[in-house]
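# Working through the structure, step by step
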Amino acid sequence: MSERRGLAERPDSADSKSGLLEAMEAVNVQPLWDRYMRLNTREPQYYEPIIWPWASMSELIERSAREISMQEAERRVLLLTHPAFPGTVFSTPTLSGGLQILEPGESAHAHRHTLAALRLAMMGDGAVTVVDGKPCPMEPGDLILTPAWSWHEHHHSGKTRAVWFDGLDYPLARQLGTVFFEVGPGPIPDRGLAQMDDASLCEGGVLPEGDVTVPYSPLYRYSWSRVSGALKAMPPAADGSRRLRYINPVDGGPIMPTLDCFALGLTPGSATVPMRTTATAMVVVIEGEGVSQIGDTRFEWKQHDVFTLPRWQWIEHNATSGPATLFLMTDRALTDRIGHLREETRR
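### A closer look at the overall build of the protein chain
- If you tally the helices and strands in the protein chain, you get eight helices and 20 strands.
- Within the protein chain, buried positions represent 47% of all 347 residues.
- Of the contacts formed within the protein chain by residues at least 6 apart in sequence, a portion of 73% connects residues at least 24 apart.
- When the accessible surface of the protein chain is split by element, carbon and sulfur atoms take 53% of a total near 18000 Å².

This is how it looks when you write it as structure tokens:
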């Protein structure tokens, strides 16, 4: 009897519910019951892929080089921002990209930050990135690492404009609230491996005796001549593609904990096997032309174009007029490490 009386006396009016919500709001509490299915989505949240064609970017690069001096800019960079993330400079939820410009004779002074970053050289001759005191030449196609909290600066002693793709984990660090920044120059930490010759690491298979404490690849420069040669030498998959991972030679893992990179070689007229993944990526066209089907979106691309690959969309790539090579910067290793990686292929 008492239980029935309690049910009958339970308030059930709209006014009462409104009062409950107001009481919650007053103490910074929200109900789960009215948003349960919105929070627990059946599939990862979707955002449109986006492409930044070189045909559009080259005009902006020309104007920026002409109108913005290095005295005005810490770095002369065009940030590639996605309208799906208003009020931010995000390219994807975890990755951001930009195009950095350095004219002959210019320098970008040393600084460091907790953001992990990389540079993929796109054009120019004579530019050098110095990472913790180690000079890394930037020939087209070269990948240069500037790991978290490493001092880095750029110099250009060549004759033609240098442009490179900047890739960072800024969105991740920003959302974690862990961004630190410091202007150099500053003392270079002794990490033991920074001054080793690249060839001894990637060809000789040798490392100094003792523990390696850095969580990133000590091979700060991955030359395109080596990567391209390895890509051409490997046997193709059934769909004609060739895929290489840039690895940390110390442990065989990703080059940096939050940035995992790949080179994808494409055979003309042969589409890659459709796949989808919970990792997100930014793609830079190193060479060639082709098309990519990303969910319901189709991109036609050429050399130097940049585009995104959203999570959990069926994706396939196809070179059109000849062989093509794509560079992919992804959060795959991070997604895997936290137990969120899911991948599928469709035959």
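### Here's the deal with the pairing of strand S17 (residues 306–309)
- In S17, alternate side chains face the same way, and those of Val306 and Thr308 on one face and Phe307 and Leu309 on the other are all buried.
- As paired strands, strand S1 (residues 51–52) and S17 are joined by two bridges and run antiparallel to one another. In the strand pairing of S17, isoleucine 51 is matched with phenylalanine 307.
- Both strand S14 (residues 281–287) and S17 contribute to a ladder of four bridges, which runs antiparallel. Counted as the bridge partner of valine 284 is valine 306 from S17.

### Re the nonpolar core
- Counting residues in hydrophobic clusters, the biggest one holds 50 residues, and the most contacted among them are Leu118, Phe165, Tyr246 and Phe327.
- The leading source of residues in this core is strand S5 (residues 117–131), at six residues.
- Ala281, Val283, Phe307 and Ala319 belong to the second-largest nonpolar core, a separate cluster that totals 16 residues.

### Describing the layout of surface pockets
- By volume, the largest pocket is sized at about 490 Å³.
- The wall of the largest pocket is formed by 23 residues, among which Arg243, Leu264, Val273, Met275 and His317 lie closest to the centre.
- Put simply, the parts of the chain that give the lining of the largest pocket at least two residues each are strand S12 (260–266), strand S13 (275–277), strand S18 (315–319), strand S19 (324–330) and strand S20 (343–345).
- For the lining of the largest pocket, the per-class residue count stands at eleven nonpolar, seven polar and five charged.

### Description of the side chain of arginine 112
- Relative to the helices and strands, arginine 112 is located in strand S4 (residues 107–113).
- Judged by its relative accessible area of 13%, arginine 112 falls in the buried class.
- Residues in contact with arginine 112, not counting those within four places in the same chain, are Trp149, Ser150, Trp151, His152, Phe180, Phe181 and Glu182.

### Details of helix H4 (residues 54–67)
- Under the 1.5 Å per step criterion, the end-to-end length of H4 is 19 Å for 14 residues, consistent within 8% with the ideal 20 Å.
- Burial in H4 covers these residues: Trp54, Met57, Ile61, Ser64 and Ala65. For H4, the arc enclosing every buried residue in end-on projection is 95 degrees, short of the 170-degree limit, so these residues lie on one face. Within H4, the exposed residues directed more than 90 degrees away from the buried face are Ala55, Glu59 and Arg66.
- As for H4, its buried residues are in contact with S1, strand S2 (77–80), strand S3 (96–102), S5 and strand S8 (152–168).

### Digging into the sheet that holds S14
- Reading across the sheet, the six strands line up as S1-S17-S14-S19-S12-S11 and stay open at both edges, with antiparallel pairing between neighbours. Taken across any chain shown, the strands that pair with only one partner, and hence form the sheet edges, are S1 and strand S11 (242–246).
- Each of S11, S12, S14 and S19 is contacted by helix H7 (residues 224–233), which is oriented at about 140 degrees to S11, the strand it contacts most.

### Description of a nonpolar patch on the surface
- Taken together, the side chains of Leu32, Tyr36, Met37 and Leu39 present a nonpolar region at the surface, about 430 Å² in accessible area.
- Mapped onto the fold, leucine 32 is located in the loop between helix H2 (14–26) and helix H3 (36–39).

### Focus on the pattern of salt bridges
- A complete count under the given rule lists 15 salt bridges for this structure.
- Between aspartate 260 and arginine 245 there is a salt bridge, with its nearest N and O atoms 2.9 Å apart. Placement of aspartate 260 in strand S12 and of arginine 245 in strand S11 is noted, with a sequence separation of 15 residues between them.
- Assessed through its relative accessible area of 0%, aspartate 260 is described here as buried.
- Since its relative accessible area comes to 34%, arginine 245 is described here as partly exposed.

Criteria and thresholds
Residues numbered from 1 in each chain as written. Predicted model: local features only at pLDDT ≥ 70, side-chain atom pairs only at ≥ 80, totals over all residues. Heavy atoms only, no water. Helix = DSSP H or I, 4+ residues; strand = E, 2+ residues; numbered from the N terminus. Buried < 20%, exposed > 50% of the residue type's maximum accessible area, 1.4 Å probe, protein only. Contact = heavy atoms within 4.5 Å. Areas by Shrake-Rupley, 256 points an atom, 1.4 Å probe, with all protein chains shown as cover. Pairing = 2+ DSSP bridges. Core = buried A, V, L, I, M, F, W, Y, C linked by side-chain atoms within 4.5 Å. 1 Å grid on protein atoms, 1.4 Å probe; cavity = no way out; pocket = protein on both sides within 12 Å on 5 of 7 lines; lining within 4 Å. Points joined across faces, edges and corners; volume = space filled by probe spheres on them. Nonpolar A, V, L, I, M, F, W, Y, C, P; charged D, E, K, R; others polar. Expected span 1.5 Å × (residues − 1). Arc of directions from axis to C-beta. Axes fitted to C-alpha atoms, helices over the stretch in contact; angles between N-to-C directions. Patch = residues over 30% accessible without salt bridge, like charges linked within 9 Å, V, L, I, M, F, W, Y side chains within 5 Å. Salt bridge = Lys/Arg side-chain N within 4 Å of Asp/Glu carboxyl O.

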